[in-house]
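These are the residues of each chain, in order.
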Amino acid sequence: MSYNKNRSIVIRNAIINSLFILWCLVWRTGLGLTFFIIYASLGYIYSWPFYLPISIILGFAPWGWKVQEERKMRKLENKIGDGVIYAKAESNIEINYRGVIFLKSVFGLFISGFWGIILGWKAILGMVVQLVDNITTFIKYI
């Protein structure tokens, strides 16, 4: 491949990656704000106890999802190690009642919210660093 073709591929990838990172930042923040606003306003209207701390925790849930995704990817990278992927088949049989499924979902939201509060800054910082790297790559190859 020629230098110009490689250069155009690098520039195109930097632009696409930067747009994707910006979209992810806006989407996760917007979704968190939506969770916060809906739960806080309903809690205020109906006088729910502890509505403000709960709405703050739910507002950080999308960033907690990002933290959990990164942890899963890191575990997968550690398992790959030597370049070979090992597959394992599991069969889980459990009886789920509607209440149990609902409680698991609500509990999962709170766990994600706590992850978002504790380590959400790290996910945001990683995305911003990657965005800056893409911009410097774009500027370098123009």
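Just above, that's the structure.
Here is what the cut-offs are and how they apply
Residues numbered from 1 in each chain as written. Predicted model: local features only at pLDDT ≥ 70, side-chain atom pairs only at ≥ 80, totals over all residues. Heavy atoms only, no water. Salt bridge = Lys/Arg side-chain N within 4 Å of Asp/Glu carboxyl O. Helix = DSSP H or I, 4+ residues; strand = E, 2+ residues; numbered from the N terminus. Buried < 20%, exposed > 50% of the residue type's maximum accessible area, 1.4 Å probe, protein only. Phe/Tyr/Trp six-rings, centres within 6.5 Å; stacked < 30°, edge-to-face > 60°. Axes fitted to C-alpha atoms, helices over the stretch in contact; angles between N-to-C directions. Parallel < 35°, antiparallel > 145°, perpendicular 65-115°, else oblique. Left-handed = near helix turned anticlockwise from the far one by under 90°. Contact = heavy atoms within 4.5 Å. Expected span 1.5 Å × (residues − 1). Core = buried A, V, L, I, M, F, W, Y, C linked by side-chain atoms within 4.5 Å. Patch = residues over 30% accessible without salt bridge, like charges linked within 9 Å, V, L, I, M, F, W, Y side chains within 5 Å. Areas by Shrake-Rupley, 256 points an atom, 1.4 Å probe, with all protein chains shown as cover.

Caption draft 1: Focus on the pattern of salt bridges. Counted under the stated rule, the structure contains 2 salt bridges. A salt bridge links Glu-69 to Arg-28, with the nearest nitrogen and oxygen atoms 3.3 Å apart. Residue Glu-69 is located in helix 3 (residues 61–80), and its partner Arg-28 is located in helix 1 (residues 3–45); the two are separated by 41 residues in the primary sequence. Residue Glu-70 is joined to Lys-66 by a salt bridge in which the shortest nitrogen-to-oxygen separation is 4.0 Å. Taken together, the positions of Glu-70 and Lys-66, both in helix 3 and 4 residues apart, correspond to about one turn of that helix. Look at Glu-70 and you get partly exposed, because its relative accessible area is 28%.

Caption draft 2: Highlighting the packing of aromatic side chains. The full count for this structure, using the stated rule, is 6 aromatic pairs. A ring pair is formed by Phe-35 and Trp-65, whose centres lie 6.2 Å apart and whose planes are at 85 degrees; its orientation type is edge-to-face. Separated by 30 residues along the polypeptide, Phe-35 in helix 1 and Trp-65 in helix 3 bring together distant segments of the chain. Overall, Phe-35 belongs to the partly exposed group, its relative accessible area being 27%.

Caption draft 3: Region of the structure containing unusual backbone geometry. Positive phi, close to 55 degrees, is recorded for Ser-47, a residue that is not glycine. Mapping Ser-47 onto the fold places it in the loop between helix 1 and helix 2 (51–59). Positioned with a positive phi, Phe-50 is a non-glycine residue whose angle comes to about 55 degrees. Looking at the element boundaries, Phe-50 is found in the loop between helix 1 and helix 2.

Caption draft 4: A look at the packing of helix 1 against helix 4 (residues 98–141). For the pair helix 1 and helix 4, the least separation of the axes is 9 Å and the interaxial angle reads 150 degrees. Looking at the two axes, helix 1 sits roughly antiparallel to helix 4. In this structure, helix 1 meets helix 4 at a crossing whose hand is left-handed. Residues Tyr-3, Arg-7, Val-10, Ile-11, Ala-14, Ile-15, Asn-17, Ser-18, Ile-21, Leu-22, Cys-24 and Leu-25 of helix 1 pack against Ile-124, Met-127, Gln-130, Leu-131, Asn-134, Ile-135, Thr-137, Phe-138 and Tyr-141 of helix 4.

Caption draft 5: Region of the structure containing the packing of helix 3 against helix 4. Where helix 3 meets helix 4, the closest approach of the two axes is 5 Å, and the angle between their N-to-C directions is 70 degrees. Taken together, the axes of helix 3 and helix 4 are roughly perpendicular relative to one another. Here helix 3 contributes Ala-61, Trp-63, Gly-64, Trp-65, Lys-66, Val-67, Gln-68, Glu-70 and Arg-71 to the contact with helix 4, which in turn contributes Leu-109, Ile-111, Ser-112, Gly-113, Trp-115, Gly-116, Leu-119, Gly-120, Ala-123, Ile-124 and Met-127.

Caption draft 6: Seen up close, helix 1. With 43 residues, helix 1 should reach 63 Å at 1.5 Å per residue; the first-to-last C-alpha distance of 62 Å fits that figure. Those residues of helix 1 not exposed but buried are Ile-11, Ala-14, Ser-18, Ile-21, Cys-24, Leu-25, Arg-28, Gly-32, Ala-40 and Gly-43. Elements in contact with the buried residues of helix 1: helix 2, helix 3 and helix 4. Phi for Ser-47, located one or two positions after helix 1, is positive at around 55 degrees.

Caption draft 7: Focus on the nonpolar core. One finds Ile-21, Cys-24, Leu-25, Trp-63, Val-67, Ala-123, Met-127 and Leu-131 forming the largest nonpolar core, which totals 8 residues. Among residues more than four places away in sequence, those in contact with Ala-123 are Trp-63, Lys-66, Val-67 and Glu-70.

Caption draft 8: Structural context of a nonpolar patch on the surface. Together, Ile-38, Leu-42, Tyr-44, Ile-45, Tyr-46 and Trp-48 give the surface a local cluster of nonpolar side chains, amounting to about 670 Å² of exposed area. Residue position: Leu-42 is located in helix 1. Of the residues examined, Leu-42 reaches a relative accessible area of 32% and is grouped as partly exposed.

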